[in-house]
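Structural features, examined
Here is how the chains run, residue by residue.
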Amino acid sequence: MTETIQPPAPAAFIGLGVMGAAMAANLAKAGYALTVSNRSRGKAAALEAGGARWAGTPAEAVRGAAFVALCLPDTPDVEAVLFGPEGLAKGVAPGTVVVDFSTISAAAAAGFAARLAAETGAILLDSPVSGGPKGALDGTLTCMVGGDEAAFLRAEPCFRAMGKTLTHLGPAGAGQVCKSANQLIVATTMLAVAEALALGAKAGLDGEKMRQALRGGSAASFVMENHAARMLSGNFAPGFRAELMRKDLRLSATAMRDHGVFAPATALTAQMLEAVVASGRGGLDSASVGALVAELSGVPRDR
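What counts and how
- Residue numbers here run from 1 along each chain, matching the order of that chain's written sequence.
- Side-chain atom pairs in this predicted model are given and counted only at pLDDT of 80 or more, local residue features only at pLDDT of at least 70, and totals for whole chains, interfaces and linings cover all residues.
- Side-chain descriptors were evaluated using all non-hydrogen atoms of the structure, hydrogens and water having been removed beforehand.
- Counting from the N terminus, the helices are the DSSP runs of H or I reaching at least four residues and the strands are the DSSP runs of E reaching at least two.
- Three exposure classes are used, based on accessible area relative to the maximum for each residue type with a 1.4 Å probe and protein chains only: buried under 20%, partly exposed in between, and exposed over 50%.
- Working note: the arc is built from the helix axis to C-beta atom directions.
- Should any heavy atoms of two residues lie within 4.5 Å, those residues are counted as being in contact.
- Note on pairing: two strands pair once DSSP finds at least 2 bridges between them.
- A crossover gets the label right-handed when its path from the first strand over the helix to the second runs clockwise, viewed with the strands pointing away from the viewer.
- The working definition used for a salt bridge is a side-chain nitrogen of Lys or Arg within 4 Å of a carboxyl oxygen of Asp or Glu.
- Axes, fitted as lines to C-alpha atoms, cover a helix only where it is in contact. Angles between the N-to-C directions of the axes lie from 0 to 180 degrees.
- Angles below 35 degrees are treated as roughly parallel, those above 145 as roughly antiparallel, those between 65 and 115 as roughly perpendicular, and all remaining angles as oblique.
- For any pair of crossing helices, the crossing counts as left-handed if the nearer helix is rotated counterclockwise from the farther one by less than a right angle, and right-handed if it is rotated clockwise.
- Grid points spaced at 1 Å and placed over the protein atoms alone form the basis of the search, with a cavity being a set where a 1.4 Å probe fits but cannot get out and a pocket an open set showing protein on both sides within 12 Å along at least five of seven lines. Lining residues have an atom within 4 Å of a point.
- Grid points are joined across faces, edges and corners, and a volume is the space filled by probe spheres set on the points.
- Residues are grouped as follows: nonpolar covers Ala, Val, Leu, Ile, Met, Phe, Trp, Tyr, Cys and Pro; charged covers Asp, Glu, Lys and Arg; every other residue, Gly included, is treated as polar.
- Here a helix's expected span is defined as the number of its residues, less one, multiplied by 1.5 Å.
- Stacked, tilted and edge-to-face pairs are distinguished by plane angle, under 30 degrees for stacked and over 60 for edge-to-face with tilted covering the rest, among Phe, Tyr and Trp rings (Trp via its six-membered ring) whose centres lie within 6.5 Å.

Here's the deal with the environment of Q271
- With respect to the secondary-structure elements, Q271 resides in helix α13 (residues 264-281).
- Residues Q271 and L249, 22 residues apart in the sequence, show an inter-C-alpha distance of 8.8 Å.

A word on helix α4 (residues 75-83)
- Residues of α4 that are buried: T75, V78, V81, L82 and F83. Looking straight down α4, one finds its buried side chains confined to an arc of 165°; they lie on one side.
- Tucked into the core, α4 has its buried residues touching β1 (10-14), α3 (58-62), β4 (67-70), β5 (97-100), α5 (106-120) and β6 (123-126).

Digging into the pairing of β1
- Burial within β1 is extensive, with four of its five residues counted as buried.
- Of the strand pairs in this sheet, β1 and strand β2 (residues 33-37) are connected by five bridges, and their pairing is parallel. Looking across to β2, one finds that A11 is bridged to L34.
- The handedness of the β1 to β2 crossover, carried by helix α1 (residues 18-29), is right-handed.

Digging into the pattern of salt bridges
- A complete count under the given rule lists 15 salt bridges for this structure.
- The closest approach of N and O atoms between E225 and R215, which form a salt bridge, is 2.8 Å. Of the two residues, E225 sits in helix α11 (residues 222-233) while R215 sits in helix α10 (residues 207-215), which places them 10 residues apart along the sequence.
- Judged by its relative accessible area of 29%, R215 is partly exposed.
- Here the salt bridges share partners, and the residues they tie into one network are R246, R250 and E274.

A word on the packing of helix α9 (residues 174-202) against α13
- At their nearest, the axes of α9 and α13 sit 10 Å apart, and the two run at 70° to each other. In terms of orientation, α9 and α13 fall into the roughly perpendicular class. The handedness of the crossing between α9 and α13 comes out as left-handed. When α9 is examined against α13, the residues L184, A187, T188 and L191 are found in contact with a partner set consisting of A265, T266, L268, T269, M272 and L273.

Remarks on the packing of α13 against helix α14 (residues 289-297)
- For the pair α13 and α14, interaxial distance at closest approach is 10 Å and the crossing angle is 85°. Judged on the interaxial angle alone, α14 and α13 are roughly perpendicular. Together, M272, A275, V276, S279 and R281 of α13 and V289, A291, L292, V293 and E295 of α14 make up the contact between the two elements.

With respect to empty space enclosed by the protein
- Taken as a whole, this structure holds one cavity of 30 Å³ or more when the rule is applied.
- Of the voids in this model, the largest cavity is the one considered here, and its volume is about 40 Å³.
- D100, I104, A109, F112, L124, L125 and D126 together form the lining of the largest cavity.
- Of all the elements in the fold, those that place two or more residues in the lining of the largest cavity are α5 and β6.
- Take the lining of the largest cavity: its biggest share by element is three residues, from β6.
- Of the residues in the lining of the largest cavity, the class split is five nonpolar, no polar and two charged.

Observations concerning α13
- The end-to-end C-alpha distance of α13, which contains 18 residues, comes to 24 Å, matching closely the 26 Å that a straight helix rising 1.5 Å per residue would cover.
- Inspection of α13 places T266, T269, A270, M272, L273, V276, V277 and R281 among the buried residues, and these make up the whole buried set. The buried side chains of α13 occupy one side of the element, clustering within an arc of 160° when seen end-on. Exposed residues pointing more than 90 degrees away from the buried face of α13 are listed as L268, Q271 and A278.
- Residues of α13 that are buried make contact with α9, α12 (242-258) and α14.

Considering the packing of aromatic side chains
- Overall, the coordinates contain four aromatic pairs when judged by the stated rule.
- When the ring of F101 is compared with that of F159, the centres are 5.8 Å apart and the planes differ by 70°; the resulting orientation is edge-to-face. Taken together, the residues F101 in the loop between β5 and α5 and F159 in helix α8 (residues 156-162) connect sequence positions 58 residues apart. Grouping residues by exposure puts F101 and F159 together as buried.
- Centre to centre, the rings of F152 and F159 are 5.3 Å apart; their planes meet at 70°, and the pair counts as edge-to-face.

Structure, rendered in structure tokens:
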């Protein structure tokens, strides 16, 4: 049986956005010999100061790595890092476990896994995550994994450096299908909460008292706990940007179509995220759907 990938094994992390930088830091904290790469080197400064090695290209970053992680914005970004002119396919060794923590198309994830295996012998797992920036910082992310189960088990110590709830769901692309379901549930709940708070405001209820009441019953949820508070305070500094949630709901809609699911909630929520971005809120937190609903409902700005 192949041994698990334990520290101080060499690891590479590509994509150092809000999520990726925190995840890479936890991988380094767990003792892995880390090499990092990103489009802009500035985002790697803190990791380099902590001992990580910088690589100018994905191909350079993955040479000698037993474990490789990606955390990128969208499907084309993942394809470029995997198969571009200086992509990791140019440097990765056979048998290397490559984990894509991005949220991308499930069909593309399955295709990328097959192509990488055929061209390099490396194993690509799709593992989109849930838990947001705080989960990334705390190392408590939920990882939804698709791909070869033996490779997942071999890389489990690496996953545990970054996540708390790890679930292998099936073949390549399965993790992305589950993430599409996750984002649908979160975004649809956010829309319902936005409408509920607008109703309370129009009826003259105190918003925070209403939220406290709803938190104590069957309507309690992560969205009610966190996003509703953002909606009431008007604090939409980005944790997870609305433009990224729009991208994820587009993926959810595609997955529903591909699998022949009757999905009215997906269609409605996806259209609302389009409206949020079109209203100029794409760079704000996705909870800004609450501001759009309030605006369209005629809720005074001071409510």
